[in-house]
Amino acid sequence: KSGTLSLTTTANGAKGLKSDSTIVDDGGTITINAKGGVDTSDAEDPSYVAGIACSKFVQNGGVIAMTIQGSSGRGIKADDVETNGGELTITNGATPTTISQTGGTYSSSSAKGIKAICAVTIYGGETTVNTTKSGGEGLESKTSVDIRGGRHYLKCYDDCINSTGKVYFNGGITVCYSTGNDAVDSNAGTAGAITIGNGTIFAYMTKGDPDEGLDCDNNNYIQITGTGIGISAGGKQSSTSGTISGAKQGYAFLTKPTSYATKTYYTLADAEGNNLVTYSFEATVKNSLSFITAAGMTSKGSYTIKSSTVEPTDATTAFHGLYLGSSAAGTTSVTNFTAK
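Criteria and cut-off values
Residues numbered from 1 in each chain as written. Predicted model: local features only at pLDDT ≥ 70, side-chain atom pairs only at ≥ 80, totals over all residues. Heavy atoms only, no water. Pairing = 2+ DSSP bridges. Helix = DSSP H or I, 4+ residues; strand = E, 2+ residues; numbered from the N terminus. Phe/Tyr/Trp six-rings, centres within 6.5 Å; stacked < 30°, edge-to-face > 60°. Buried < 20%, exposed > 50% of the residue type's maximum accessible area, 1.4 Å probe, protein only. Polar contact = N/O pair within 3.5 Å; in protein donor to acceptor, adjacent residues only side chain to side chain. Contact = heavy atoms within 4.5 Å. Salt bridge = Lys/Arg side-chain N within 4 Å of Asp/Glu carboxyl O.

K.L.:
Explain the sheet that holds strand S6 (residues 74-78) here, please?
P.N.:
Working definition: the strands of a sheet are paired by backbone hydrogen bonds and lie parallel or antiparallel to each other. A sheet is described by the order of its strands in space; here 8 strands give the open sequence S2-S4-S6-S9-S12-S14-S16-S19, paired in parallel fashion. Both edges of this open sheet fall to strand S2 (15-18) and strand S19 (214-215), since each of them pairs with a single strand only.

K.L.:
What should I look at first to understand the packing of aromatic side chains in this one?
P.N.:
One pass over the full model with this rule turns up 17 aromatic pairs. The interplanar angle of 70° and the centroid separation of 6.1 Å between the aromatic rings of Tyr266 and Phe281 together place this pair among those described as edge-to-face. Pair noted here: Tyr266 is in strand S24 (residues 265-270) and Phe281 is in the loop between strand S25 (275-279) and strand S26 (285-286), with a separation of 15 residues, a long-range link. Pair check on accessibility: Tyr266 and Phe281 agree, each one buried.

K.L.:
What am I meant to see in the side chain of Ser110 here?
P.N.:
Locating Ser110 in the fold gives a position in the loop between strand S8 (97-101) and strand S9 (112-116). A distance of 3.2 Å separates a polar side-chain atom of Ser110 from the backbone oxygen of Gly135. Residues in contact with Ser110, not counting those within four places in the same chain, are Ser72, Arg74, Thr105 and Gly135.

K.L.:
What am I meant to see in the pattern of salt bridges here?
P.N.:
Any two side chains of opposite charge can pair if their charged atoms end up close together. Counting across every chain of the model gives 10 salt bridges. Where Lys77 meets Asp79, a salt bridge forms, and the shortest distance between an N and an O atom there is 2.9 Å. For Lys77, a relative accessible area of 25% puts it in the partly exposed group. Across the pair Glu140 and Lys112 runs a salt bridge, and its minimum N-O distance is 3.3 Å. Of the two residues, Glu140 sits in strand S12 (residues 137-141) while Lys112 sits in strand S9, which places them 28 residues apart along the sequence. Take Glu140: its relative accessible area is 5%, and that puts it in the buried class. Classification of Lys112 as buried rests on a relative accessible area of 6%. Three or more residues joined by partner-sharing salt bridges are found here, namely Lys112, Lys115, Glu137, Glu140 and Lys142.

K.L.:
Sorry, what's going on with the side chain of Asn275 here?
P.N.:
Structurally, the position occupied by Asn275 is in strand S25. In this structure Asn275 comes out as buried when scored by relative accessible area, which is 17%. Only 2.9 Å separates the side chain of Asn275 from the backbone nitrogen of Val277, close enough to count as a polar contact. Beyond its immediate stretch of four places on either side in the chain, Asn275 contacts Thr267, Leu268, Ser326, Ser327 and Ala328.

Structure, rendered in structure tokens:
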């Protein structure tokens, strides 16, 4: 619950902390530097380095800082719920977790900041994940990802968030920036594959078609169940924008602008000029399809997006390009639209 633990591993396939059962972090500071490569002594089952590897990982508090350098390495790895009772949970009390993964891909196995066979549930904390090499993903779950609170920033070469199942943004603020693939990718293949509840998601990628900010194979699979904010930009995988059934607030799919510039602040406003959200991109985005929804949007309502080169200074929350609670109005018209 207190103190400092500093670990460095250099052997191939080594783990900083490993348990066949449960690891619980209740406080203190954990620093892990995993430098080793892949252990290929078992050619059929190579072993990759990891910062933390266990069946069940629960972070209730404390500070975690990891640097993972090995090919196909994992920052935090949690196992299968059916086989080993797997669980990966970050609670409201959790404090910063920072994972930097600089390793590349070994064979067909790519690097991961966080990898879970089980479901991932994040109630709070502040998570930062960065991957830099081809194939490097931020957070992957083979079951589902449910973000319910906290503030999270993922800047990755490959998918920032990837799940075989559904991805929920039920609370908190999440910013995903991918340089080489989808920002958020759900392969659930059904309605609600990506669900925006009362959370905020700002997802964009810079590679272009066919990769997207929010990718769930069919835009119809997106669901809006609350009054959260969803902004995505990038490529598009289909020629149709899609219609979201039963959306709880207004939304739009936009093909303009065709690019978003850096050091530019885009403001979504209603017909009365009220600022609903302001956002700014870390890199130039070649945009084919944007998706946008925000609290206050209504079906058939009229909305504008204007830009400015002046950063908002009155936002109640400013986080990696998101400015919430600002009165910034923008000065240059970008586009106007009627919400669905």
